[in-house]
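# Notes for the structure review
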Amino acid sequence: GDSYMAVTGLPDPQSDHALRMARFARDCMHRVHEQFRMLEISLGPDTGELRLKIGMHSGQVTAGVLRGQKTRFQLFGDTVNTASRMESTCLKSRIQISETTARLLI
């Protein structure tokens, strides 16, 4: 499947970045499930099997613009890798949060 990344606290750090991202993740999960239900009605029951998985982690990243056939903004570092692993090992229709991010939410 496809993966997308969202970031808070860039380029200006935000003390409440984890809370902002948790709310964004919750809202995305809710809206995507609404869309899946609508697609299931119009496209058939197999569409209802689509699921979203979200992984969250907090930490420093390195950012830059990569040039080539497509110029794109890219993020690098352990934080990106950990967030990716959180998503890939997450159960369907769930938000998996690292211990680092969980501590910031408490």
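The model shown is predicted, which means the values in this text are computed figures rather than measured ones.

Of all hydrophobic cores here, the largest spans 6 residues; its members are Met21, Ala22, Ala25, Met29, Ile54 and Met56. Of all the secondary structure elements, the ones that give two or more residues to this core are α1 (17-43) and β1 (53-56). For this core, the leading source of residues is α1, giving 4 residues. Residues contacting Met29, with those up to four places away along its chain left out, are Leu52, Ile54, Ser93, Arg94 and Ile95.

Let's shift gears to helix α2 (residues 78-88). For α2, every residue scored as buried is listed here: Thr79, Val80, Thr82, Ala83 and Met86. End-on view of α2: buried residues confined to an arc of 165°, all on one side of the axis. Where α2 is buried, its residues touch β1, β3 (72-76) and β4 (94-97).

Attention now moves to the pattern of salt bridges. Under the defined criterion, the tally for this structure stands at 3 salt bridges. In this structure, Arg20 and Asp16 form a salt bridge, with 2.9 Å as the shortest nitrogen-oxygen distance. Between Asp27 and Arg26 there is a salt bridge, with the nearest N and O atoms lying 3.1 Å from each other.

Calculation rules
Residues numbered from 1 in each chain as written. Predicted model: local features only at pLDDT ≥ 70, side-chain atom pairs only at ≥ 80, totals over all residues. Heavy atoms only, no water. Core = buried A, V, L, I, M, F, W, Y, C linked by side-chain atoms within 4.5 Å. Buried < 20%, exposed > 50% of the residue type's maximum accessible area, 1.4 Å probe, protein only. Helix = DSSP H or I, 4+ residues; strand = E, 2+ residues; numbered from the N terminus. Contact = heavy atoms within 4.5 Å. Arc of directions from axis to C-beta. Salt bridge = Lys/Arg side-chain N within 4 Å of Asp/Glu carboxyl O.

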